[in-house]
Amino acid sequence: DAKTTQPPSMDCAEGRAANLPCNHSTISGNEYVYWYRQIHSQGPQYIIHGLKNNETNEMASLIITEDRKSSTLILPHATLRDTAVYYCIVRGRGFKTIFGAGTRLFVKA
Amino acid sequence: GAVVSQHPSWVICKSGTSVKIECRSLDFQATTMFWYRQFPKQSLMLMATSNEGSKATYEQGVEKDKFLINHASLTLSTLTVTSAHPEDSSFYICSATRESGANVLTFGAGSRLTVL
């Protein structure tokens, strides 16, 4: 599975967009980009995933660069409840999900 | 949506005893489930892959005789921590995936084990 690199922490003002970057320069053609988040003392929660195209759902948007070597998760209007650790994971279908250190997002009032 | 239930959510036990944690997929069948553990301020570490009807596949460094995994049905996997010691105290999390679609993992809420 490709390795990902994320900043250890980020701050965001409540109501503003939170843009969380992820580098995955060794991604292979059949590997998807998945984003999960973990709020303190809870199990991880799925947010969004994509292969090549940008994706949007009710929680977030995922922007994947054309060369697929990096992506950005966008929370359009961050709230205090979005404070969590966000994990960017790259893997092919059927493979194990390995977590890196993630990005700790602090949303401040 | 897919729901994974984990029980118990927290447990305290004495050193030397065994503890069983259950993981159930409530509204879908999961031929594969995964068990993770997480220490404070650390990321999730994959312990093993649980396969329905066959032996679990353990990650390197995880003792299979210490952490017994049983996946007897398509909706239930269990993790038994045998002869627990204080260093086994951790947050244990299971996950499951539908085999179709994009293989999105659904996680349980986790089980916090404290061994005295």
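Residue positions within a chain follow its written sequence, with the count starting from 1. Throughout, the order in which chains and ligands are written sets their labels, letters from A for the former and numbers from 1 for the latter. Thresholds applied to this predicted model are a pLDDT of at least 70 for local features of residues and 80 or more for the giving and counting of side-chain atom pairs; totals over whole chains, interfaces and linings are not thresholded and use all residues. Heavy atoms from the whole structure form the basis of all side-chain values; hydrogens and water molecules are not counted.

K.L.:
Whenever I open this one, the pairing of strand E5 (residues 45–51) of chain B confuses me. Can you help?
P.N.:
Both faces of the sheet carry side chains from a regular strand, because those side chains alternate between them. Residues and elements named next belong to chain B. Whether a residue is buried, partly exposed or exposed follows from its accessible area with a 1.4 Å probe, protein chains only, as a fraction of its type maximum: under 20%, in between, or over 50%, in that order. Helix and strand definitions follow DSSP, with helices as H or I runs of at least four residues and strands as E runs of at least two, each counted in order from the N terminus. With 5 of 7 residues buried, E5 lies mostly within the body of the structure. At least two DSSP bridges between two strands are needed for those strands to be called paired. Judged from the 6 bridges that link them, strand E4 (residues 32–38) and E5 form a sheet pairing that is antiparallel. If you follow Phe34 over to E5, its bridge partner there is Thr49. Between the end of E4 and the start of E5, which pair antiparallel, lie 6 residues, with Lys41 showing a positive phi angle near 65°. In sequence, E5 turns back onto strand E6 (residues 57–58) through a hairpin of 5 residues, with Gly53 there showing a positive phi of about 80°.

K.L.:
Can you help me understand the interface of chain B and chain A in this one?
P.N.:
Many authors give the size of an interface as the accessible area that is lost as the parts come together. Between chain B and chain A, the contact holds 21 residues from the first and 19 residues from the second. When two parts are brought into contact, each loses some accessible area as probed by a 1.4 Å sphere; the total of that loss over both is the buried area. Where chain B abuts chain A, roughly 1,500 Å² becomes buried across the two surfaces, and 52% of that area is made up of carbon and sulfur atoms. Criterion for a salt bridge: a side-chain nitrogen of Lys or Arg within 4 Å of a carboxyl oxygen of Asp or Glu. The interface formed by chain B and chain A holds 1 salt bridge in total. N or O atoms closer than or at 3.5 Å make up a polar contact, with two conditions inside protein: a donor-capable atom paired with an acceptor-capable one, and, for residues adjacent in sequence, both atoms drawn from side chains. Our count for the contact surface shared by chain B and chain A stands at 6 residue pairs in polar contact (both at pLDDT 80 or more). Elements with a minimum of two residues in the side of chain B that touches chain A: E4, E5, strand E9 (90–97) and strand E10 (105–107) of chain B. The leading source of residues in the side of chain B that touches chain A is E4 of chain B, at 3 residues. Put simply, Ala, Val, Leu, Ile, Met, Phe, Trp, Tyr, Cys and Pro go in the nonpolar bin, Asp, Glu, Lys and Arg in the charged bin, and everything else, Gly too, in the polar bin. Residue classes in the side of chain B that touches chain A are distributed as 11 nonpolar, 7 polar and 3 charged. Contacts are residue-level and defined by heavy atoms, with any inter-residue pair within 4.5 Å sufficient.

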